[in-house]
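The residues making up each chain are set out below.
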Amino acid sequence: MLDIKWIRANPEALDRALQTRGAEPAAARLIGLDDARRTHVTRLQEAQERRNAASKEIGKAKASGDEVKAKALIDEIAEIKTFVQSGEEEARRLDEALESALAVIPNVPLDDVPVGADENDNVVHHVHGEKPGFDFEPKEHFEIAGLVDEFDFERAAKLSGARFAVLRGELAALERALGQFMINLHTRENGYEEVSPPLLVRDDPLYGTAQLPKFEEDLFKTTEGRWLIPTAEVPLTNLVREEILDEGALPMRVTALTYCFRSEAGAAGRDMRGILRQHQFQKCELVSITKPDESIAEHERMLACAEEVLKRLGLHYRVVTLCTGDMGFGARKTYDIEVWLPGQNAYREISSCSVCGDFQARRMNARFRPANEKGVQFVHTLNGSGLAVGRALIAVVENYQNADGSVTIPDVLRPLMGGVEVIGKKSSATT
């Protein structure tokens, strides 16, 4: 959530930022709501001051024997009391109206974010490695002969419907190895603390990370009113909600390997084949909580940590800086990592790393106490995928596929696969 004080001081800057995001101007409307709130609060304060003053005047009037004046003052206080009672309710209503209006305003992009309308205006930041060469036509992950039987979409559909998959045998083992490899790397080498969070959360955590109220249709809700997490960013970031941290606790870096759940409401008809876009998937999430002056450097660090997963897997990828029109609602700047999928002959997103400034912290009321300073400040939050496990699985099997329909296991995963070097041999031999 944006700071209304900043909006009042920089209305043109807000409207320019919203324009770059394809949104309508909002500064005048927000300032109008704040003006109404401020005016009412001032009237309420003046009434309370008058009530206090009148209470003192009653004593003086009675002491002087002026019962008429005392009676008038008592009647005045009664009227003020009625106004204050209704006025406090109105103040809460005006506060809620302003907060609700602010809650749907996206974050302000950093100055170096490219301006653009959609993904076509994203800018390539850098490229790592080269596209692999094949002496045969590479197939998509669900077409590779040796693994066809281990992608069980038919039984998944009977169990759960569309956009679910049952992975079996060596493929299930490879998925498990990938997730374990990621969490091991981030905790043992990259300085993140592993967390095992709840997968069901209340409204407040989703509001804190800005999934609610704007993106409710993308979420799954239980009959008891809890929500399945769309990403571990939600519980990890909210670990600090409504807390005041000591400066020495920052930066705080946490990671979790969890299942994530998304309705994919806006993706009807897209990527229906294979496991690229699922309702349920595993992801290794990275979250950092920092001081304001450290968040930009932390963003670059987080990106490097996510990239290291792909480097060690020997996969070709590129990093793009998202333009203003393609960037997430709560982000000030986002890097997407796009891995090369030879079966699709295309780059596909496998990680997004975003710096959010104090946007989420204001919604969560998450602050820290600077050393040797008075008062508290809002923390800055960052989140990124390190990485999406299912998409990493796709990338590995497509990039390491062989002409006979088998798949070679990358060296770093073999210890987690019990020393297995190739999968799909048996299936491919019988096709």
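As the structure is a prediction and not an experimental result, all values here were calculated from the model.

Conventions we followed
Residues numbered from 1 in each chain as written. Predicted model: local features only at pLDDT ≥ 70, side-chain atom pairs only at ≥ 80, totals over all residues. Heavy atoms only, no water. Helix = DSSP H or I, 4+ residues; strand = E, 2+ residues; numbered from the N terminus. Buried < 20%, exposed > 50% of the residue type's maximum accessible area, 1.4 Å probe, protein only. Lys, Arg positive; Asp, Glu negative; His and termini not counted. Salt bridge = Lys/Arg side-chain N within 4 Å of Asp/Glu carboxyl O. Polar contact = N/O pair within 3.5 Å; in protein donor to acceptor, adjacent residues only side chain to side chain. Contact = heavy atoms within 4.5 Å. Pairing = 2+ DSSP bridges. Domains from an automatic or database assignment. Buried area = accessible area lost by both parts, 1.4 Å probe. Nonpolar A, V, L, I, M, F, W, Y, C, P; charged D, E, K, R; others polar. Core = buried A, V, L, I, M, F, W, Y, C linked by side-chain atoms within 4.5 Å. Axes fitted to C-alpha atoms, helices over the stretch in contact; angles between N-to-C directions. Parallel < 35°, antiparallel > 145°, perpendicular 65-115°, else oblique.

Draft legend 1. Highlighting the side chain of R363. Inspection of the secondary structure assignment puts R363 in helix α10 (residues 359-364). For the buried residue R363, which engages in no salt bridge, the nearest side chain bearing the opposite charge is E99, 7.6 Å off. A polar atom in the side chain of R363 sits 2.7 Å from the backbone oxygen of Y207. Side-chain polar atoms of R363 contact the backbone oxygen of L212, separated by 2.9 Å. In this view, R363 contacts M1, A103, Y207, G208, A210, L212, P213, R241 and F329; residues no more than four positions away in its chain are not counted.

Draft legend 2. Geometry of the pairing of strand β10 (residues 280-290). Within β10, ten of the eleven residues are buried, which leaves it mostly tucked inside the rest of the structure. The pairing of β10 with strand β16 (residues 380-388) spans seven bridges and is antiparallel. Counterpart to V287 in the pairing with β16 is N383.

Draft legend 3. Structural detail: the pattern of salt bridges. Under the defined criterion, the tally for this structure stands at 24 salt bridges. Ionic pairing is found between E90 and R93, a salt bridge with its closest N-O pair at 2.7 Å. With E90 and R93 both in helix α4 (residues 67-103), this residue pair falls three residues apart, about one helical turn. Assessed through its relative accessible area of 28%, E90 is described here as partly exposed. Owing to a relative accessible area of 43%, R93 belongs among the partly exposed residues under this scheme. Ionic contacts of the salt-bridge type, sharing partners, join the residues R8, D34, D35, R37, R38 and D95 into one network.

Draft legend 4. Molecular detail of the domain arrangement of the protein. Each domain of the protein was delimited in the assignment, giving domain 1 (4-103) and domain 2 (119-423). The straight-line distance from the C-alpha centre of domain 1 to that of domain 2 is 45 Å. When domain 1 packs against domain 2, close to 540 Å² is buried across both sides, 38% of that on carbon and sulfur atoms. When the buried surface of domain 1 facing domain 2 is broken down by residue, T20, R21 and A103 rank first, second and third, together holding 87% of it. Taken together, the links from domain 1 to domain 2 amount to zero salt bridges. Residues of the side of domain 1 that touches domain 2, tallied by class, amount to one nonpolar, one polar and two charged.

Draft legend 5. Up close: the nonpolar core. By size, the foremost hydrophobic cluster in this structure holds 53 residues, and its most contacted members are L174 and L178. For this core, the elements supplying multiple residues, two or more each, are α6 (169-188), β10, α9 (295-313), β11 (317-321), β12 (333-341), β13 (346-355), β16 and α11 (389-399). Top element by residues in this core is α6. It accounts for nine residues. Setting aside anything within four residues of it in sequence, one finds L174 in contact with L393, V396, V397, I409, L413, M417 and I423. Formed by 23 residues, the second largest nonpolar core is a distinct cluster that contains V201, I229, M252 and A366.

Draft legend 6. Seen up close, the packing of helix α2 (residues 11-20) against helix α3 (residues 27-63). Closest axis-to-axis distance for the α2/α3 pair is 9 Å, and the angle between their directions is 135°. Here α2 is positioned oblique relative to α3, judged by the angle of their axes. In this structure, α2 uses P11, L14 and D15 to contact α3, whose residues at the interface are A27, L30 and I31. Across the contact of α2 with α3, the residue classes break down as five nonpolar, no polar and one charged.

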